[in-house]
Amino acid sequence: MNNLQLSNFIGGEYSAPVNGAYLPLYNPATGAAYGQVPDSSSADVQAAYKAAKQAFPAWSVTPAEQRFQVLNRIAELIDERREELARAESKDQGKPVWLARNEMIRSAQNFRFFATAAMQFASESHAMEDKAINYTLRQPIGVVGCISPWNLPLYLFSWKIAPALAAGNCVIAKPSEFTPVTAWMLGQICQDAGLPAGVLNIVQGLGPSVGQSMVEHPGIKAISFTGGTATGKHLAATAAPMFKKLSLELGGKNPNMIFADAQLDKAVKTTVSSSFLNQGEICLCGSRVFIERSVYEEVKTQLVQAAKEMKVGPPDAEDIRMGAIVSKPHYEKVLSYIELAKQEGATVLAGGLAVFPEGHEQGWYIAPTILENLAFDCRCNQEEIFGPVITLTPFDTEEEVLMMANSTEYGLAATLWTENLTRAHRMASQLQMGIVWINCWLLRDLRTPFGGAKSSGVGREGGWEAMRFFTEPKNVCVSLS
Ligand code: NAD
């Protein structure tokens, strides 16, 4: 797939951007450009809007069973093309190909899950004794926008698109300009699955042009956005005067708390994943590891050993644990945080530098990095780094670790390792987070509400929450007298 030229997918057809402009597409494993992605403009968003608006009347009344069948077929086709999609995702994003395969399974699950939701989602009714009966219609909103980031490209793109379509909306979707390839491939899959033209439109390009045009477009009534907190803030300010419905899934700085009474082997093994999976580029990664002082040295030694043994290399090698960082700017950002940590007094226990695998010296690789001796309120412990960098901090009491865990502006997810059941529940209720994992990490049931508190987001997605977000409730009250 060298010299790959991507296009937009509008009105059921692949098309070049109106302005004819393209951006280079880079392979993080080599640092070299391998294709081009449309640098679309508001003209393409407008064309997508026209197509979506035209498709909406028919799609919004398509029987749920037919919506189920099309979405389910999309899931089957993703499964059938898993290897091809996984290789494309790995090349585009830098993630190990084995991990990309898992993410393609989840992308198919997203469509399969919301296909069934289309069949199950129903009106509620509320009887007022003998006076009246209310029923609440949940109607599709119309044309909605989905904007996704680069870290889990098809996984998060499909997580938004599937419920939007299941609920009967027509969609304009924009993947990240850094990782557009699998979204581009999804257009063909949707067409092969029989999704009517215009129901899903994919516009490629930059956030400040394509994304911004979507948010500013008066006809796009709701936006589901996953990305950084600063972008989310800007997006919310733009959308507010139009009273747009917004779902914002934003950044995190997640605490991972290990108590002395935990099953330490399991805690350490999972912590290695929750720190470094996908090069630490998962919004749910636990970047602040708090360890009870009596087991601090033991846990630290094991984590450092695991990090030092971790193989970093080209993403298409099956035996690597970590691949390349998604882009040059992000690679430089992560390295700059490691430098900042040193200035803030950190001791580097593992990694702390770039890696240059043989034959891939120009790629963007960073060693799994473990830091200690940082104050809980220093910048490296407060700001999202979003790379393979964790900090270790000892604690003495439950109150102390709770205070440190809740000390950032973020509130996405927390992980707790303890065999003390009452403590686990007590802490879960006091952690200011959208998600708390107890003795596990990244275990996801797609029915549960997903999202963050504080600066980690507004609203929840997943299950009925997503179906509710993508519908407008209308209560109808009928007198019985
Ligand atoms: P980003 O905010 O830079 O970009 C996200 C998307 O928004 C991209 O498609 C981008 O092109 C677009 N965009 C940028 N400016 C825009 C604008 N003005 N208007 C509309 N769209 C615009 O984020 P990123 O760097 O791609 O992703 C990393 C961030 O995403 C991290 O902060 C991470 O924590 C977060 N994230 C959160 C979750 C979650 O579920 N909470 C999941 C994954 C990633």
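Refer to the structure presented above.
Residue indices follow the written sequence of each chain, beginning from 1 at its first position. A pLDDT threshold of at least 70 governs which residues receive local features in this predicted model, and a stricter bar of 80 or more applies before side-chain atom pairs are shown or counted, although totals over entire chains, interfaces and linings include all residues. To obtain the side-chain values, all non-hydrogen atoms of the structure were included, while hydrogens and water were left out.

Enquirer: What exactly am I supposed to notice about the sheet that holds strand β1 (residues 4–5) here?
Expert: Where strands meet in a sheet, backbone hydrogen bonds hold them as pairs that are either parallel or antiparallel. Paired strands, in this sense, are two strands between which DSSP finds at least two bridges. Each helix corresponds to a stretch of at least 4 residues labelled H or I by DSSP, and each strand to a stretch of at least 2 residues labelled E; elements are numbered beginning at the N terminus. Spatial ordering of the open sheet is given by β1-β5-β4, a layout of 3 strands whose pairing is mixed. The strands lining the two open edges of the sheet, one partner per strand, are β1 and β4 (22–27). Pairing of β1 with strand β5 (residues 32–38), which is carried by 2 bridges, proceeds in the parallel orientation. If you follow Leu-4 over to β5, its bridge partner there is Gly-35. Residue contacts follow a heavy-atom distance rule, with two residues in contact if any of their heavy atoms lie within 4.5 Å. Interaxial angles span 0 to 180 degrees and are taken between N-to-C directions of axes, which are lines fitted to C-alpha atoms, for helices over the stretch in contact. Helix α3 (residues 82–93) rests against β4 and β5 of the sheet, and its axis sits at about 100° to β4.

Enquirer: How do you make sense of the environment of Gly-252 when you look at a structure like this?
Expert: Summarising the element assignment, Gly-252 is placed in the loop between β12 (245–249) and β13 (255–258). The classification of residues rests on relative accessible area computed with a 1.4 Å probe and restricted to protein chains. Under 20% of the type maximum is buried, over 50% is exposed, and intermediate values are partly exposed. A relative accessible area of 5% places Gly-252 in the buried class. Separated by 77 residues in the primary sequence, Gly-252 and Pro-175 have C-alpha atoms spaced 20 Å apart. Among residues more than four places away in sequence, those in contact with Gly-252 are Cys-283, Glu-384, Tyr-410, Leu-412 and Ser-456.

Enquirer: Would you explain the nonpolar core in this entry?
Expert: The tendency in soluble globular proteins is for nonpolar side chains to be buried side by side. In terms of nonpolar packing, the biggest core is built from 101 residues, with Ile-74, Ile-161, Leu-186 and Leu-284 touching the most fellow members. Sort the elements by how many residues they give to this core and helix α5 (residues 153–166) lands first, with 10 residues. By nonpolar core we mean a set of buried residues, namely Ala, Val, Leu, Ile, Met, Phe, Trp, Tyr and Cys, connected to one another through side-chain atoms within 4.5 Å. Core analysis: the second largest hydrophobic core is formed by 27 residues, Ala-29, Val-268, Val-289 and Ala-307 among them.

Enquirer: Is there a simple way to explain the sheet that holds strand β19 (residues 389–395) in this structure?
Expert: Here we have 7 strands laid out as an open sheet, ordered β15-β18-β19-β14-β13-β21-β22, and mixed in their pairing. If you trace the sheet from one side to the other, it starts and ends with β15 (347–350) and β22 (435–438), each paired once. The average undirected angle you get between the axes of adjacent strands in this sheet is 25°. Taken together, the 3 bridges between β15 and strand β18 (residues 369–372) define a ladder with antiparallel strand orientation. Counterpart to Val-348 in the pairing with β18 is Leu-371.

Enquirer: I would appreciate a short explanation of the pattern of salt bridges in the present structure.
Expert: Pairing of side chains with opposite charge becomes possible as their charged atoms draw close. Salt bridges are defined by distance alone: a side-chain nitrogen of Lys or Arg within 4 Å of a carboxyl oxygen of Asp or Glu. According to the stated counting rule, one finds 23 salt bridges in the structure shown. The salt bridge partner of Asp-79 is Arg-112, with a shortest N-O separation of 2.5 Å. Of this pair, Asp-79 sits in helix α2 (residues 64–80) while Arg-112 is found in helix α4 (residues 97–120), placing the two residues 33 residues apart along the sequence. The closest approach of N and O atoms between Lys-328 and Glu-332, which form a salt bridge, is 3.5 Å. One end of the pair, Lys-328, and the other, Glu-332, are both in helix α11 (residues 328–343), 4 residues apart, so they sit about a helical turn from each other. Among the residues examined, Lys-328 registers a relative accessible area of 43% and is labelled partly exposed. A relative accessible area of 43% means that Glu-332 is categorised as partly exposed. Via salt bridges that share partners, Glu-83, Arg-87, Arg-101 and Glu-318 belong to a single interconnected network.

Enquirer: Whenever I open this one, the side chain of Thr-179 confuses me. Can you help?
Expert: With respect to the helices and strands, Thr-179 occurs in the loop between β9 (170–174) and α6 (181–192). Look past the residues within four positions of Thr-179 in its chain and what remains in contact with it is Asp-92, Gln-93, Pro-149, Trp-150, Pro-153 and Val-326.

Enquirer: What is the right way to look at the pairing of strand β7 (residues 132–140) in this model?
Expert: Regular strands place their side chains on alternate faces of the sheet. Of the pairings in the sheet, the one linking strand β6 (residues 124–128) to β7 comprises 5 bridges and is antiparallel in character. Bridge pairing in β7 places Glu-124 opposite Thr-136. What sits between the antiparallel neighbours β6 and β7 is a turn of 3 residues, in which Glu-129 has the positive phi angle 40°. Judged from the 9 bridges that link them, β7 and strand β25 (residues 471–479) form a sheet pairing that is antiparallel. The residue bridging Asn-134 from the neighbouring strand is Cys-477, located in β25.

Enquirer: Looking at this structure, how should I read the pairing of β12?
Expert: Of all 5 residues in β12, 4 are buried, a share of seventy percent or more. With 5 bridges connecting them, strand β11 (residues 220–226) and β12 associate as parallel partners. Residue pairing across strands places Ile-223 opposite Leu-246, the latter belonging to β12. Note that the unit made of β11, helix α8 (residues 229–239) and β12 has a crossover that is right-handed. One ladder, built from 2 bridges, connects β12 with strand β24 (residues 457–458); its direction is antiparallel. Bridge pairing in β24 places Glu-249 opposite Gly-457. When the strands point away from the viewer, a crossover counts as right-handed if the route from the first strand across the helix to the second turns clockwise.

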